[in-house]
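Listed here are the chains, written in short residue letters.
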Amino acid sequence: MAILRRRKQPEQHHDNNDHDDDDDNNKVKKSLNKSGKRNKNNNFSCIDNCCWFIGCVCSVWWLLLFLYNAMPASVPQFVTEAISGPGPDPPGVKCGKEGLKVKHPVMFVPGIVTGGLELWEGHQCMDGLFRKRLWGGTFGEVYKRPSCWLQHMSLDNKTGMDPPGIRVRPVSGLVAADYFAPGYFVWAVLIANLAHVGYEEKNMYMAAYDWRLSFQNTEVRDQTLSRIKSNIELMVATNGGNKAVIIPHSMGVIYFLHFMKWVEAPAPMGGGGGPDWCAKHIKAVMNIGGPFLGVPKAVSGLFSAEAKDIASVRALAPGVLDSDLFQIQTLQHVMKMSRTWDSTMSMIPKGGDTIWGGLDWSPEEGYRPRKRKHVKNDTEISTQNESASEECAATHVNYGRMVSFGKDVAEAPSSDIERIEFRGAVKGNNVANNTCRAVWTEYHDMGFGGINAVAEYKAYTAGDIVDLFEFVAPKMMERGSAHFSYGIAENLDDPKYTHYKYWSNPLETKLPNAPEMEIYSMYGVGIPTERAYVYKLTPAAECYIPFQIDASAKDKNEDGCLKDGVYTVDGDETVPALSAGFMCAKGWRGKTRFNPSGIKTYIREYDHNPPSNFLEGRGTLTGATGEELGGD
């Protein structure tokens, strides 16, 4: 028994070990289950956090939007005055106190992207949105149904007109472009100031048009030019015969230049108003931030769907815009859409190397950017307050090289640059595949041979830009070349210049025979404005854009002209001073071949004066005339 007992003890001990092992196994299983849950949670935490972040941003945005709309309009002004004291009277109030009254009727001509567009006919994904804004306002449909929105905002890639089953039309009335978005005014301040003098809708008219279309196609599809002609005639007739004052803004400047040729040209190409129509109906044209000679910003936009802001984002967060996060391919879709807008091609720089410079020279040669000190936003401050700015050191910049592949190319003497001609180069095999059809940008029809040929040319001046676009985007330029021209006329009496494609280029057309008319060019200065770009090849990827602004290219001097791959000059942030001021300063000054009747021209430069505190928003004395209109 003792032996048996001794034998049972180890057996009993063995059973205890089994129980301990079972307990240990259970603990391991529980810990594995817990760790598995933690792993699953970790797997989803990134997406959850992203969703929560996006939801919070949207919720805050809508809350702020609600509070903004619910808040009395006087609250921001009251708070601002409590902090900084009462501000000066707005210009309209001053004019009213001085006894000024309404005399000349006024017509506004909005610029590119600032006019609202609304839906009149669409596909099933846009059901319930009849006459709702697709462009302007809160832009709610952009993030509610982005693919559907892109489809309806795009034009037909072959005709430049409406795609089948889609009709998007400009909003009518003063509300078409008073505000671009809630709190972001365009014409609202100017309209309010004119109202203080006594203006109403009977003597103010917003010449809203579909800014996506080519200028002549706004007449073909919507008869917009005919409506402008009729409204000017009506306002002149109902205001005692006083001629109209026209105030175009941004792209509206060259749109109205096109109109002045159209209205006097014989039908059917023109409006049939006769050679003295402008002399009879127009007192003055007061151009605000006019890109008469185009803007370099259009080059980067059409070439790679980029601008200075996007390059800056790349510098701060490399790879974010280039990653195919959730297969959004944002820049590709933007390029696909914007390349169907023929109006964007009206902004390509005009005049070639004669105006914008060559490999070794430019009109801005010797330009030194100014490092600005903060000054109070007050109308009593001189617009040319030299004491409020300091010149900073800058290296020599070859602004004439509008596109350079590499910073070394942008800075090298032209004799050291070995360029291989890209015109006529073999583009190679098609690198597209079926998945790229949704974001087709014409780059997908180019092989690596064509892409490398573009990069091997190294440096592009304004005289090369049109040929560059014809090489990389032939279908886009086939439409564009039928509506716009970018040269300088040798003989303006040549019959070919009677065609509408030349009417928006001030270097290839004459001003009307209206010696009593006045033309003003008013624009902002003092803000770094895009002028030239440093590019690089993008690593090959599916559905990619092969060229990209090199955000790593910077000036050695912190206050230099090169930042994030973009060279800047003086301007209003969108339009360089060269483009906004040259025609009134020289091309049209006195009797010239472009101004045979000697229409008087005037220039007004407005130095950028930012708001003194955030409660003033963007302020009404900003020099950013390419984006919004101040109240001074």
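Our structure is the block above this text.
Residues numbered from 1 in each chain as written. Predicted model: local features only at pLDDT ≥ 70, side-chain atom pairs only at ≥ 80, totals over all residues. Heavy atoms only, no water.

Take the pairing of strand β18 (residues 566-571) next. Buried residues dominate β18, accounting for five of its six residues. Pairing of strand β15 (residues 527-537) with β18, which is carried by six bridges, proceeds in the antiparallel orientation. Bridged to glutamate 530 within β18 is threonine 568. In this sheet, β18 lies alongside strand β17 (residues 562-563) in antiparallel orientation, the contact comprising two bridges. (Buried < 20%, exposed > 50% of the residue type's maximum accessible area, 1.4 Å probe, protein only. Helix = DSSP H or I, 4+ residues; strand = E, 2+ residues; numbered from the N terminus. Pairing = 2+ DSSP bridges.)

The next point concerns the state of the cysteines. Structurally, a disulfide amounts to a covalent bond that connects the sulfur atoms of two cysteines. On inspection of all chains with the given rule, the structure shows one disulfide. For cysteine 125, the disulfide goes to cysteine 148, at an S-S distance of 1.9 Å. Judged by the sign of its S-S torsion, about 70 degrees, the bond between cysteine 125 and cysteine 148 is right-handed. Of the two residues, cysteine 125 sits in the loop between β2 (117-121) and β3 (133-135) while cysteine 148 sits in helix α5 (residues 146-153), which places them 23 residues apart along the sequence. Cysteine 125 sits in the partly exposed class, given a relative accessible area of 33%. (Disulfide = S-S within 2.5 Å.)

So, on to the sheet that holds β2. Note on sheets: strands pair through backbone hydrogen bonds, and any given pair is parallel or antiparallel. Ordered in space as β3-β2-β4, the three strands form an open sheet in which the pairing is antiparallel. Every other strand in the sheet has two partners, leaving β3 and β4 (167-170) as the edge strands with one partner each. Neighbour to neighbour, the strand axes of the sheet diverge by 45 degrees on average, direction disregarded. The pairing of β2 with β4 spans four bridges and is antiparallel. Across the sheet, residue leucine 119 finds its bridge partner in β4, namely valine 168. Where α5 meets the sheet, its contacts fall on β2, β3 and β4, and the angle it forms with β3 comes to roughly 80 degrees. (Axes fitted to C-alpha atoms, helices over the stretch in contact; angles between N-to-C directions. Contact = heavy atoms within 4.5 Å.)

A few words on the nonpolar core. Ile232, Phe259, Phe303, Phe469 and Val472 are the most contacted members of the largest nonpolar core, which totals 114 residues. Take this core: its biggest share by element is ten residues, from helix α9 (residues 251-264). If we ignore the near neighbours within four places in the chain, the residues touching phenylalanine 259 are Leu225, Ile228, Lys229, Ile232 and Trp277. Judged by nonpolar contacts, the second largest core, of 21 residues, contains Val171, Met204, Ala284 and Met522. (Core = buried A, V, L, I, M, F, W, Y, C linked by side-chain atoms within 4.5 Å.)

Before going further, it helps to spend a moment on the pattern of salt bridges. One pass over the structure, following the stated rule, counts 22 salt bridges. Ionic pairing is found between arginine 419 and aspartate 464, a salt bridge with its closest N-O pair at 3.8 Å. A residue pair is termed long-range when its members are at least 10 positions apart, and arginine 419 in the loop between α15 (407-411) and α16 (448-456) and aspartate 464 in helix α17 (residues 462-472) qualify at 45 residues. On the basis of relative accessible area, arginine 419 is assigned to the partly exposed category, the value being 32%. Aspartate 464 gets classed as buried once you look at its relative accessible area, which sits at 8%. Overlapping salt bridges, with partners in common, bring together Asp162, Arg169, Asp210, Arg212, Arg221 and Asp222 in one network. (Salt bridge = Lys/Arg side-chain N within 4 Å of Asp/Glu carboxyl O.)

As a further point, take the packing of helix α8 (residues 224-238) against α9. Closest axis-to-axis distance for the α8/α9 pair is 11 Å, and the angle between their directions is 80 degrees. When the interaxial angle is binned, α8 and α9 end up roughly perpendicular. Between α8 and α9, the residues in contact are Thr224, Leu225, Ser226, Ile228, Lys229 and Ile232 and Tyr255, Phe256, His258, Phe259, Trp262 and Val263, respectively. When grouped by side-chain class, the residues that make up the contact of α8 with α9 number eight nonpolar, three polar and one charged. (Parallel < 35°, antiparallel > 145°, perpendicular 65-115°, else oblique. Nonpolar A, V, L, I, M, F, W, Y, C, P; charged D, E, K, R; others polar.)

As a further point, take the environment of valine 466. Residue position: valine 466 is located in helix α17. In this structure valine 466 comes out as buried when scored by relative accessible area, which is 18%. Placed 167 residues apart in sequence, valine 466 and valine 299 show a C-alpha to C-alpha distance of 9.5 Å.

Attention now moves to the environment of arginine 339. Within the fold, arginine 339 resides in the loop between α13 (330-338) and α14 (352-356). Residues arginine 339 and threonine 441, 102 residues apart in the sequence, show an inter-C-alpha distance of 7.9 Å. Excluding residues that lie within four positions of it along the chain, arginine 339 makes contacts with Asn157, Leu302, Phe303, Thr441, Glu442, Tyr443, Val472, Ala473, Met476 and Arg479. Polar side-chain contacts of arginine 339 include one of 3.5 Å to the side chain of tyrosine 443. (Polar contact = N/O pair within 3.5 Å; in protein donor to acceptor, adjacent residues only side chain to side chain.)

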